[in-house]
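Residue strings, one per chain:
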Amino acid sequence: MASSSGDKVSMPLFHGDDYASWKVKMRTYLMSEGLWCIVANGYLEPSDETTLPESKKKELESTSMVNAKALSKLQNGVGVTIFPRIIRARSAKEAWDIIAKEFEGTQLLVKIAKIHHDPKLWPNPEEFKPKRFLTTHKHIDYRGQDFELIPFKSGRRICLGMSLASESMLLTLANLLHGFDIASPTGGPVDMTEGPGFTLHKANPLEVLLTPSFPAHLYA
């Protein structure tokens, strides 16, 4: 991206392919020209300048010039097939957002809980049946090798705390069950209603009664 003189960033040109690279390069270029703030924050033309004080008029005039310069850079930073898409943009931010909306792409979010409750993969998925991991599903590896069960995700973005979570959870739960009798305040089943969202959580707070299993001095 550097010019032959080595002291100035050259403007990248976008023809419709490799938008991710152009976005980074163009943002760097606009920053080097002192124009990125107007692109990021936007510029809104005042509806009536006649009632504004003279100092405010000069400030708006200066901002308008910066916006025009940034808009010009974006217009000249795209190819002839892309330019018609931003020809009606009045601000640099508007032009930037138009390009981003068309070429940014769609982010795909996978709800892992749906996979973990798929009856094709897990017979009676709503049933609490830990023994399945010792019998019918004992071959399943939760460490990202089998996509039927990926509580810590998989691949390059696998959870860094997987080992800590799996080992600490076992010890914490074992100590909790060893030291306390756990019961529901109503004596009935625990409300396991799920709340909305991509992260599985309870719709209602968990309410339990903890009764010490041993004399109080043993917990000190």
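Structural notes, computed from the coordinates. Not measured: the values here are computed from a predicted model. One numbering rule holds for all chains: residues counted from 1, following each sequence as written. In keeping with the predicted nature of the model, local features appear solely for residues at pLDDT of at least 70, side-chain atom pairs appear and are counted solely at 80 or more, and the whole-chain, interface and lining totals rest on all residues. Only hydrogens and water are set aside; all other atoms, that is, all heavy atoms of the structure, feed into the side-chain values.

### A word on the packing of aromatic side chains
Definition in use: Only centres within 6.5 Å qualify two rings of Phe, Tyr or Trp (six-membered ring in Trp) as a pair; their planes then separate them into stacked at under 30 degrees, edge-to-face at over 60, and tilted for everything else. We count a stretch as a helix when DSSP gives it H or I for four or more residues in a row; a strand needs E for two or more, and each element gets its number in order from the N terminus. To sort residues, take the accessible area from a 1.4 Å probe on protein chains only and compare it with the maximum for the residue type: under 20% means buried, over 50% means exposed, and anything in between is partly exposed.
Here the structure, examined in full by the defined rule, presents ten aromatic pairs. Centre to centre, the rings of tyrosine 19 and tryptophan 22 are 6.0 Å apart; their planes meet at 35°, and the pair counts as tilted. One end of the pair is tyrosine 19 and the other is tryptophan 22, both in helix α1 (residues 19-32) and three residues apart, which spans about a single turn. Exposure class is identical for tyrosine 19 and tryptophan 22. Each is buried. Their ring planes at 40° and their centres at 5.3 Å tell us that phenylalanine 180 and tyrosine 219 sit as a pair that is tilted. Here phenylalanine 180 is found in strand β1 (residues 180-183), whereas its partner tyrosine 219 is found in the segment after β2 (209-212), with 39 residues between them in sequence. Here phenylalanine 180 falls in the partly exposed class, since its relative accessible area comes to 25%. Each residue in the set Phe14, Tyr19, Trp22, Trp36, Trp96 and Phe103 is aromatic and connected to the rest through ring pairs, giving one cluster.

### A look at the pattern of salt bridges
In a structure, side chains of opposite charge can pair up when their charged atoms sit close to one another. The condition is simple: Whenever Lys or Arg places a side-chain nitrogen within 4 Å of a carboxyl oxygen from Asp or Glu, that contact is recorded as a salt bridge.
All chains considered together, the criterion is met by four salt bridges. Arginine 85 is the partner of glutamate 102 in a salt bridge, and the nearest nitrogen-oxygen pair spans 2.7 Å. Residue glutamate 102 is found in helix α5 (residues 92-103), and its partner arginine 85 is found in helix α4 (residues 83-86); the two are separated by 17 residues along the sequence. What makes glutamate 102 partly exposed here is its relative accessible area of 42%. By relative accessible area, which is 37% here, arginine 85 ends up partly exposed. Ionic pairing is found between arginine 143 and aspartate 141, a salt bridge with its closest N-O pair at 3.0 Å. On the accessibility criterion, arginine 143 (47% relative accessible area) is partly exposed.

### Focus: the nonpolar core
Note the following rule: By convention a nonpolar core is built from buried Ala, Val, Leu, Ile, Met, Phe, Trp, Tyr and Cys residues, the set being connected through side-chain atoms within 4.5 Å.
Trp22, Leu30, Val39, Leu74 and Trp96 are the most contacted members of the largest nonpolar core, which has 23 residues in total. If you list the elements that add at least two residues to this core, you get α1, α2 (36-41), α3 (54-76) and α5.

So far we have only geometry, and geometry alone does not tell us how the molecule works.
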